[in-house]
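Topology and contacts: notes
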Amino acid sequence: MNTVNLTVNDRLIQRDVEGRTHLADLLRDDLLLTGTHVGCEHGICGACTVLMDGRPVRSCITYAAACSDHRISTIESFDDEPLMARLRDAFSEEHALQCGYCTPGMLITARDIVIRYAGRQPAERTIREELSGNLCRCTGYAGIVKAVQKVLAAVTDEPALLPAAAAVVLPTIAAQDFDATSLEAPEAGRARGALKSEQSGARRRIESRFGLTHEPEAVWHLIRNDIKAVVACLPGARLENVGSDGEVTGVIEVRLGPILTRIDGQGGLEYDDVRRRGQVDGEGVDSRSASRATGSVEFVVGDGEDGTTDMQVALEFELTGALAQFSRGALVDDVVQVMLDQFRANLDRQLSGGEVAATAQLNPMRLFLSALARRLRRWFGGGR
Ligand code: FES
Ligand code: FES
């Protein structure tokens with residue numbers, strides 16, 4: 001048991017909680033603040049969104065024990081707030097809800113958007129991207145977007161609607177072009193294994209560097225002579241055909257909690273033997289969700305220390321359709337990191353002449369849980 005002291009809706013609370021108790025459970029089951037809804041319990045749907053120290057967090061993946069000395073605000077705390085009252089009216093006027101299950105989380109996210117973008121007129125696409133962490137299965141998003149636009153316009157005319165302490169900050173993701181040459185000039189001091197990720201509009205670029213215990217020549221030899229075996233080292237990925245002209249077809253399957261994606265794709269593969277680098281550009285379709293993915297993978301096989309390999313990989317992708325909801329955010333980076341960790345281990349095993357069969361047996365739940373565990377370790381300061 002852990003004793004936590006937290007301020008919930010301006011009331012100081014002390015509770016003994018188990019290490020595994022989620023904030024959502026504490027709020028709903030113990031404090032009876034049932035306005036916080038629980039949908040997926042995987043951090044995906046956003047129904048459980050509350051504010052911690054004024055910032056939106058998922059209460060279903062936030063441990064109560066990690067909230068000691070923090071300030072939590074649930075939907076109930078906004079009953080008398082003018083800004084939230086305006087949002088409630090706008091949701092109602094624009095028919096932005098149907099069953100209402102997603103609405104508490106939507107309202108908290110919408111309030112956060114209005115505060116951060118106050119005084120500006122963000123594009124509809126920007127509002128949709130900001131809302132992409134909150135899923136509504138009833139209404140579609142047109143009414144919700146209109147409600148947010150309406151309240152943004154209202155606060156321009158009536159700035160007093162904004163809460164006094166609201167810090168108006170720029171969005172954290174700046175639109176910028178990616179540097180296509182970044183793989184050749186890695187950022188100095190960036191540690192191996194660390195992930196660097198950037199979002200530009202709907203496009204996400206994730207770069208990683210990691211070491212392999214084998215010599216670069218051996219790694220490059222395998223890539224050039226058995227690319228199918230290399231791709232099979234990535235959990236859930238399979239190259240089905242490699243044409244003599246570099247045309248490739250393949251599949252990647254990933255399951256995140258309740259969501260299974262299977263993207264069948266095709267693309268082109270290019271090598272540069274002198275610089276030991278390669279690139280695959282392609283596109284694919286997930287027919288279950290009618291989503292489309294476009295993207296590329298670049299890789300460079302560099303010299304590491306003592307005859308080892310320093311490998312750099314950059315993924316750049318854009319998802320459209322239903323899957324676009326899951327293409328951004330720290331959890332995506334964590335899942336990619338777990339997949340790359342497994343890829344590195346499998347590639348080392350492959351280069352040693354070991355079995356790679358395990359890579360075909362991607363355990364999706366373990367993948368998801370280990371991504372989650374990595375994030376929790378980071379929150380509790382026990383690892384990267
Ligand atoms: S219940 Fe927390 S994000 Fe879905
Ligand atoms: S109104 Fe039903 S889930 Fe959004």
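Below, the structure is looked at part by part. (Residues numbered from 1 in each chain as written. Chains lettered and ligands numbered in written order. Predicted model: local features only at pLDDT ≥ 70, side-chain atom pairs only at ≥ 80, totals over all residues. Heavy atoms only, no water.)

A look at the overall build of the chain
- On a plain count of helices and strands, the chain comes out with nine helices and 13 strands.
- Relative to its 384 residues, the chain shows a buried fraction of 46%.
- A separation threshold of at least 6 residues defines the contact pool for the chain, and within that pool the share at least 24 residues apart is 59%.
- In the structure as shown, the chain presents an accessible area of about 18,900 Å², 50% of it carried by carbon and sulfur atoms. (Helix = DSSP H or I, 4+ residues; strand = E, 2+ residues; numbered from the N terminus. Buried < 20%, exposed > 50% of the residue type's maximum accessible area, 1.4 Å probe, protein only. Contact = heavy atoms within 4.5 Å. Areas by Shrake-Rupley, 256 points an atom, 1.4 Å probe, with all protein chains shown as cover.)

Looking at the nonpolar core
- By size, the foremost hydrophobic cluster in this structure holds 33 residues, and its most contacted members are Leu87, Phe91, Met106, Val114, Ile144 and Val155.
- Counting only elements with at least two residues in this core, the list comes to helix H2 (82-93), helix H3 (103-117) and helix H5 (142-157).
- When residues no more than four places from it in sequence are discounted, the contact partners of Leu87 are Leu107, Ala110, Arg111, Val114 and Val151.
- Ranked by size, the runner-up nonpolar core spans 19 residues in total, among them Phe210, Cys233, Leu239 and Phe343. (Core = buried A, V, L, I, M, F, W, Y, C linked by side-chain atoms within 4.5 Å.)

Quick word on the packing of aromatic side chains
- Summed over the entire model, instances satisfying the criterion amount to two aromatic pairs.
- Seen from their ring centres, Phe210 and Phe343 are 6.2 Å apart, and the 80 degrees between their planes marks the pair as edge-to-face. Highlighted residues: Phe210 in strand S7 (residues 203-212) and Phe343 in helix H8 (residues 330-351), separated in sequence by 133 residues. As far as burial versus exposure is concerned, Phe210 and Phe343 are alike and both buried.
- A centroid spacing of 5.9 Å and a plane angle of 90 degrees characterise the contact between Trp220 and Tyr271, whose relative ring orientation is edge-to-face. In this pair, Trp220 is assigned in helix H6 (residues 216-225) and Tyr271 in strand S10 (residues 259-272), connecting sequence segments 51 residues apart. (Phe/Tyr/Trp six-rings, centres within 6.5 Å; stacked < 30°, edge-to-face > 60°.)

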